[in-house]
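Spelled out, the chains give:
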There are 2 protein chains.
Amino acid sequence: MILNKNKVLGLAALALLFSMNACKPKNAGSVVSGDAAAQTYVAPGKYDEYYNFVSGGFNGQVSVYGLPSGRLLKLIPVFSVFPENGYGYSEETKPMLNTSHGMIPWDDQHHLDLSQTNGEIDGRWLFANANNTPRVARIDLKTFHTNEIIELPNSAGNHSSPFITENTEYVIAGTRFSVPPDDKNGDVPINSYKKNFKGTISFISVDKTSGNMDIAFQLQCPAVNFDLSHSGKGVSSGWFFFSCYNTEQANTLLEVNASKRDKDFIMAVNWKKAAELIKAGKGRKQAVKYASNRYNEKTQTATSTIKTQVTVLDVKDFPGLVYFIPCPKSPHGCDVDPSGEYIVGSGKLAALVPVFSFSKIQKAIASKAFAGTYDGIPVIKYEAALYGEVKKPGLGPLHTEFDDKGNAYTTMFVSSEIVKWSLKDLKVLDRHPVYYSPGHLMIPGGDTRKPTGKYLVAYNKITKDRFLPTGPELAQSAQLFDISGDKMKLLLDYPTIGEPHYGQAVKASVIRDQSVKFFKIEDNKNPYVSMGEGATKVVREGKKVHVYMTAIRSHLTPDNIEGIKVGDEVYFHVTNIEQDWDVPHGFAIKGAKTAELLILPGETATLKWLPEQAGMYPFYCTDFCSALHQEMSGYARVSPAGSNVPLTFSTGTNMPKETNTVETQNTASN
Amino acid sequence: MILNKNKVLGLAALALLFSMNACKPKNAGSVVSGDAAAQTYVAPGKYDEYYNFVSGGFNGQVSVYGLPSGRLLKLIPVFSVFPENGYGYSEETKPMLNTSHGMIPWDDQHHLDLSQTNGEIDGRWLFANANNTPRVARIDLKTFHTNEIIELPNSAGNHSSPFITENTEYVIAGTRFSVPPDDKNGDVPINSYKKNFKGTISFISVDKTSGNMDIAFQLQCPAVNFDLSHSGKGVSSGWFFFSCYNTEQANTLLEVNASKRDKDFIMAVNWKKAAELIKAGKGRKQAVKYASNRYNEKTQTATSTIKTQVTVLDVKDFPGLVYFIPCPKSPHGCDVDPSGEYIVGSGKLAALVPVFSFSKIQKAIASKAFAGTYDGIPVIKYEAALYGEVKKPGLGPLHTEFDDKGNAYTTMFVSSEIVKWSLKDLKVLDRHPVYYSPGHLMIPGGDTRKPTGKYLVAYNKITKDRFLPTGPELAQSAQLFDISGDKMKLLLDYPTIGEPHYGQAVKASVIRDQSVKFFKIEDNKNPYVSMGEGATKVVREGKKVHVYMTAIRSHLTPDNIEGIKVGDEVYFHVTNIEQDWDVPHGFAIKGAKTAELLILPGETATLKWLPEQAGMYPFYCTDFCSALHQEMSGYARVSPAGSNVPLTFSTGTNMPKETNTVETQNTASN
């Protein structure tokens, strides 16, 4: 049997070679200076300097690391169910994962953007994308809780997302895969791509106070693949830039057919003009379906609404809205420097990194320095937009971020290194190997108007021998560099959860002090809250049995429940009535086809249970909460359907008699 | 509205106080010496000294940390679905989570035991328990893959589990909650506990070669709560020891009613005698239902079998099998020293730690030094079994492990400290505060015949202010100590995933070199494997559509599929035909109500998709695998039910013509 006989143009083999090369760095040992230990050590009781929010990639969640320790502080459930705390399983959180396709338990979380005011990170919200079933989430940084998820119609592979404007006016999301628009017949031949497929960019508005998102409008664009994007800032305020690949508009064997052209595009969008057009009533109302899921902090319950319309601007109908800039070759990263003047397009198959000038782009537009059109969109002449090229940067440039000293840092996937270069003269200043094959890199504030210049993290795609082996499946590897000096210094390797696709970081002080410690019970407006043990009860409504339960060290009330019947729908509404930091309680019942609940102080969460067999079902607190945690348990008795066992329960004020029908002979002297 | 008015004897308030006290250690700053940084720093390219396997508690999984770095090397999915790699979602792994109650997506993973030969860790398997729906898993340490899960009948809250015998003859699992046996009517009044409920201990045999588990027999015991256990070793070989609480046999408000007696029990079981009885045909065949789920490494597919019978020994019918030893008060940990002579029972409500002597126990049995019986079981006199008491150890003793120098280390939950004491004279030698409220502690090999004496990790239940705050929900905290000197030295705090309930650690060399790097494709006997791109195909069988797909950098074959209809069941059988380490590929398709697949080299995994709407569905590789990873994608076209679009697909050798029905005007010069 012959394997791996790829006969197609040898390009697959080339890609393979690229990847293989990445695993043979010249300097595999990497000498680090002795004080790296001291630089990365955070002593017991001390705090990290930075919060580092890292996308989870194929785990669908967001990780929070501390820098410089590289310690994983938290995993925030966003797009995937999270058995650990019941996210996606509790009745309150299930609606968060609803889509126009129904409930989806997973997604692929690639990029993050921290909310900004005046181009600086303001610590209010974190936006996160889902690639597979296109969605954007908003996480509240007071609670580290996913408070909103909005689905994106007309999209597929929501990769160029979520990147925000300087004052968080919009979260912008570009589709990776062009598809037939949702109101057209999608049941078309795949090879009618050029005729029937379109690329869509979504502009999601963000309410200044609540953070609530809505799709303000969408831009219908030529069918290409949008890969990454960044907002203009400073001088380029009001513009947005997207990298585009597959300008060949191929629909099969993309590794070959989407790699033919020497240059693809950066797409420049005048988003302020788009917003004005929408305000002026332009655009087409399109019938679509998309879910808008919001978590209400008062009722502690998410609701999912299916919305049915979006306004679309077809960019070719609005001159001055969109321009293409040729960019070599299959551009991936699209990064804007702190001043907003320079736009860096990193062509993963290019041997140089072009830097475009916003002022030159504006002049080119004014003077109509166009090379032609592409699907009706003006294409600016390459030289007319170019500030200059970083020569011989390395192989496979992917992403660039910036420090506070006028330097840029670009990852080289194929040659496995980070290359530091000067924005001023585009000269390469330093290069450092990484282990292995970096995707994104991250400098705190490195894509904002105010980058810092202390740390850089490389998120590497290949791990191999960097840590103790754990079988065929390995954690991915991050590497922390000190970039405060002229030369980059490698400080630390640390493994990461999921696929740490991209990250953003912010000084701890921006977030630390606003962090909510617990929820005030008097603010709890969950309709099923029990405001104390005396308020607990069990109520039957037809087949539905509602158990209003409290959890407090070290007791679940009620802890004996009888009269549940096979065929009932039992809802355990568990309120944690603690009012102190870090006293969660958990709830689980044997045999339930769901996860546990983890209930934070002041919170109510609901577990739905469909008992299928008569019997005795213990339940208990799953989070070790006190010296008597093991005693925090109870029993639910399930009787056959039609049984006449009455609904009864025991609470602290309503203790059943212990009618020990048979006394065992207990004669021990203890 | 009045909250938290617990009127019951004030004991709940006492427990609350206990917990609160834990958060006010005297020495909150904890000065650590300057070289702690150097001691815990693992330089880039260097390896940790120890693998530390840590139970995930309420996340249901097992974590693998490196020591001394505290880095999380891997999260092994065991009892909970794992969207990150498709565990519990792929057709191959779904059966692993089957139970007699059906598929359960979550559990609560509390204890771990590494397989042993002659009382030493042999690096073959790791056993893990599930509390909520009682199960035991076996993880293969060559692949770090969960290869087997067995359900336990007659059990509920499988807490005293999985603890193994010295040569891994048995994995032993004691029920935490007594329940009516599975073949009795479980629909009984809860307050008939003393009459109808029983405690069950399961003895799971382990095949010496394959590791395959089976329930060898069960012991039916008096209705109490079994909390923890450990095997005898050396002089106590052939015996097993369990801590029992709720010897009051209460069924409600356990914090009060199960805390009444000054002494509960350690239960001593002569398991070699039990095995002989079974061999001699003793015991009752009991009709039960339990799932036995095994992953076949050849077919790469799990199967779940529901078994229907177990052999039960009622311990009161077999004199000499089981003895109770009084133990103050509500014992939690039950730990056996390296020699096997000393059994430490840690009563969480006791003000001392009793140490029992195996030889004295044997003498007491021989001389019938009994205080009476408990449910027909002899109760040995406390003094007759006692070696001595550790006086004033601290408040809330929970767990003890041992070093290689004759010392024991016990966690004090309430007084938040670790106390080191001498096995020789039971004198306290050292105490160190921990932050906060430790549950288990762990010394590599610390519950085997060959402990090491370098590191100790405390797994703490309360975190509060130890790390940058992350809202109300915090990671739990672990603390690494150097125990090589006379005094314990705190080296490092690190946050942990889930609830790191217990851990075991082993020198890296025991596991490192056996770690499988990838699966040989020629060994892949998955019935749906594609042994190369040329073998890919799409086959319709009625409503079922089987897509035989390959993944290799940078192509999915086939990448265009048409002729799928609404109402079909589509199975994507994706084979990763790479043959190199750390080249996984992923697979996801828009809108699927499942997770992704993560497919390791040489592996086949299957995603089931039920398309509900006609349209165009992109799919792609989710794991960034090469410079052309973004091109590794394709489209599936879904037509309405009854449509006559034929089933077609494109592969490298079967490319569809690109019939561009309308040529767009592309005049750009690039």
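Residues numbered from 1 in each chain as written. Chains lettered and ligands numbered in written order. Predicted model: local features only at pLDDT ≥ 70, side-chain atom pairs only at ≥ 80, totals over all residues. Heavy atoms only, no water.

A. Region of the structure containing the domain arrangement of chain A. Residue and element names in this part refer to chain A. Entries for chain A in the domain assignment read domain 1 (38-512) and domain 2 (524-650). Put simply, the middle of domain 1 and the middle of domain 2, counted by C-alpha atoms, are 42 Å apart. Counting residues at the interface gives 14 residues for domain 1, matched by 16 residues for domain 2. For the pair domain 1 and domain 2, the summed buried surface comes to about 1,100 Å²; carbon and sulfur atoms form 47% of the total. Along the contact surface separating domain 1 from domain 2 lie zero salt bridges. (Domains from an automatic or database assignment. Contact = heavy atoms within 4.5 Å. Buried area = accessible area lost by both parts, 1.4 Å probe. Salt bridge = Lys/Arg side-chain N within 4 Å of Asp/Glu carboxyl O.)

B. Main features of the sheet that holds strand β10 (residues 160-164) of chain A. All names here are of chain A. One open sheet holds the 10 strands; their spatial order is β6-β7-β8-β9-β17-β18-β13-β12-β11-β10, and the pairing between them is mixed. Either end of the sheet is taken by a strand with one partner, and the two such strands are β6 (112-117) and β10. Adjacent strand axes in the sheet meet at a mean angle of 25°, parallel and antiparallel pairs treated alike. Of the strand pairs in this sheet, β10 and strand β11 (residues 170-174) are connected by three bridges, and their pairing is antiparallel. By the bridge assignment for β11, Ser160 is matched with Gly174. On top of the sheet, helix α5 (residues 271-279) reaches β11, β12 (199-206), β13 (213-221) and β18 (301-314); it is set at about 105° to β13, its chief contact. (Pairing = 2+ DSSP bridges. Helix = DSSP H or I, 4+ residues; strand = E, 2+ residues; numbered from the N terminus. Axes fitted to C-alpha atoms, helices over the stretch in contact; angles between N-to-C directions.)

C. Molecular detail of the relation of the copies chain B and chain A. Aligned on chain A, chain B shows an RMSD of 0.0 Å; the corresponding rotation is 180° and the shift along the axis is 0.0 Å. The superposition operator between the copies reduces to a two-fold rotation axis. Measuring from the rotation axis to each C-alpha of chain B, the shortest distance belongs to B:Ala37, at 2.8 Å. (Least-squares fit on C-alpha atoms with pLDDT ≥ 70 in both.)

D. Quick look at the environment of A:Thr247. All names here are of chain A. Relative to the elements of secondary structure, Thr247 occurs in the loop between β15 (239-245) and α4 (254-257). Residue Thr247 is classed as buried on the basis of its relative accessible area, which comes to 1%. Between the C-alpha atoms of Thr247 and Gly534, which are 287 residues apart in sequence, the distance is 67 Å. Excluding residues within four positions of it along the chain, Thr247 makes contact with Val224, Arg261, Lys263, Asp264, Phe265 and Tyr374. (Buried < 20%, exposed > 50% of the residue type's maximum accessible area, 1.4 Å probe, protein only.)

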